[in-house]
Amino acid sequence: YWAHRAKDLYEKYGHTEGGFDALQRVVELTRPRRVLELGCGNGRILTFFSRLGIHCVGQDISATALELARQRELPHVTLTQKPFTDLDYPDGYFDLIVSNRVLQHVGTEEVQKLLRSAARMGNALYLNELRQEDDAKENYYQYKHDYAALLDELGMRHTDDIEGVHVHAQLYRRVKGRNKEACL
């Protein structure tokens, strides 16, 4: 499924250059040196970070999507093929973790596991996902989650720093002094 979907998404959106206003604001706020993009697909968002000289890891389950990303010849980017629920990086390894329209395709139990890992590995988390309060209906391939509640339990707080830049854009940051025991 994802091989076919990767080609379709690349044809539809892979060549667009704009739409990075929210990410630009996130970069200004977090000053990341190392970024992980979960479900990086064809590398469109990695292109944005690579142009800024930011070191990135793009992780995706689809070999087809990663091949399309490799065709971009992105400096500062490492691509890895594995499910985004398979996160084995050290604590605090990433300054920023990005999920753009990925988590909304995953059920609650997997999202909880993934967010535990992300909160452990990253200092900030940027989400562009459907949320529980959105008007869109859930269906067999699209889920809505209460990210603020899930991440609050893990020591990360939603910030208003990027409100109004994009309707679904959310930035969460680690609360200083909170231990990472809840993430284990």
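Here the structure is shown first, and the text comes after it.
A. Structural detail: the overall build of the protein chain. Looking only at helices and strands, one finds six helices and seven strands in the protein chain. Along the protein chain, helices and strands appear, N-terminal first, in the series α-α-β-α-β-α-β-β-α-β-α-β-β. Per-residue burial for the protein chain yields a buried fraction of 49% across its 184 residues. Look at the contacts in the protein chain between residues 6 or more apart in sequence, and 66% of them connect residues 24 or more apart. Working note: accessible area of the protein chain is about 9,600 Å², and carbon and sulfur atoms make up 47% of it.

B. Structural view of the pairing of strand E5 (residues 124-128). Most of E5 sits inside the fold, with five of its five residues counted as buried. On E5, burial covers both faces: Ala 124, Tyr 126 and Asn 128 on one face and Leu 125 and Leu 127 on the other are all buried. Bridging between strand E4 (residues 96-100) and E5 involves four bridges; their strand directions are parallel. When the bridges of E5 are listed, Ser 99 appears paired with Leu 127.

C. Representation of helix H4 (residues 63-70). Among all positions in H4, only Ala 65, Leu 66, Leu 68 and Ala 69 are buried. Taken end-on, H4 shows its buried residues confined to a sector of 155°, consistent with a single buried face. Its side-chain oxygen 3.3 Å from the backbone nitrogen of Thr 64, Ser 62 forms the N-cap of H4.

D. Geometry of the packing of helix H2 (residues 21-30) against helix H3 (residues 44-51). Across the interface, H2 lies against H3 with an axial gap of 11 Å and an inter-helix angle of 40°. Classed by the angle they form, the pair H2 and H3 counts as oblique. Handedness of the H2/H3 crossing: right-handed. Of H3, the residues touching H2 (which contributes Leu 23, Gln 24 and Val 27) are Ile 45, Phe 48 and Phe 49.

E. Structural detail: the environment of Val 175. Relative to the elements of secondary structure, Val 175 occurs in the segment after strand E7 (169-174). Owing to a relative accessible area of 25%, Val 175 belongs among the partly exposed residues under this scheme. Distance in space between the C-alpha atoms of Val 175 and Asn 123 is 8.9 Å, their sequence separation being 52 residues. When sequence neighbours within four positions are dropped, the list of residues in contact with Val 175 reads Gly 155, Met 156 and Arg 157.

F. Expanded view of the packing of aromatic side chains. Taken as a whole, this structure holds five aromatic pairs when the rule is applied. Centroid distance Phe 20 to Phe 48: 5.0 Å. Interplanar angle 25°. Geometry classified as stacked. Of this pair, Phe 20 sits in the loop between helix H1 (2-13) and H2 while Phe 48 sits in helix H3, and the two are 28 residues apart along the sequence. The residues Phe 20 and Phe 48 share a single accessibility class, namely buried. Ring centres of Tyr 89 and Tyr 93 lie 5.9 Å apart, and the angle between their planes is 15°; on these two criteria the pair is classed as stacked. Residue classification places Tyr 89 among the buried positions, given a relative accessible area of 14%. Among the residues examined, Tyr 93 registers a relative accessible area of 32% and is labelled partly exposed. Ring pairing ties together the aromatic residues Phe 20, Phe 48 and Phe 49, which thus form one cluster.

G. Fine view of helix H5 (residues 108-121). Helix length check: H5 (14 residues) gives 20 Å between terminal C-alpha atoms against 20 Å at 1.5 Å per residue, within 8%. Every buried residue of H5 is listed here: Val 111, Leu 114, Leu 115, Ser 117, Ala 118, Ala 119, Arg 120 and Met 121. Against strand E1 (34-38), E4, E5, helix H6 (147-152), strand E6 (156-159) and E7 lie the buried residues of H5.

H. Expanded view of the pattern of salt bridges. Taken as a whole and judged by the stated rule, the model has four salt bridges. As a salt-bridge pair, Asp 88 and Lys 82 come within 3.0 Å of each other at their nearest N and O atoms. The partner of Arg 157 in a salt bridge is Asp 152, with the nearest N and O atoms 2.5 Å apart.

What counts, and where the lines are drawn
Residues numbered from 1 in each chain as written. Predicted model: local features only at pLDDT ≥ 70, side-chain atom pairs only at ≥ 80, totals over all residues. Heavy atoms only, no water. Helix = DSSP H or I, 4+ residues; strand = E, 2+ residues; numbered from the N terminus. Buried < 20%, exposed > 50% of the residue type's maximum accessible area, 1.4 Å probe, protein only. Contact = heavy atoms within 4.5 Å. Areas by Shrake-Rupley, 256 points an atom, 1.4 Å probe, with all protein chains shown as cover. Pairing = 2+ DSSP bridges. Arc of directions from axis to C-beta. Polar contact = N/O pair within 3.5 Å; in protein donor to acceptor, adjacent residues only side chain to side chain. Axes fitted to C-alpha atoms, helices over the stretch in contact; angles between N-to-C directions. Parallel < 35°, antiparallel > 145°, perpendicular 65-115°, else oblique. Left-handed = near helix turned anticlockwise from the far one by under 90°. Phe/Tyr/Trp six-rings, centres within 6.5 Å; stacked < 30°, edge-to-face > 60°. Expected span 1.5 Å × (residues − 1). Salt bridge = Lys/Arg side-chain N within 4 Å of Asp/Glu carboxyl O.

Everything listed is a geometric property; what it means functionally is a separate question.
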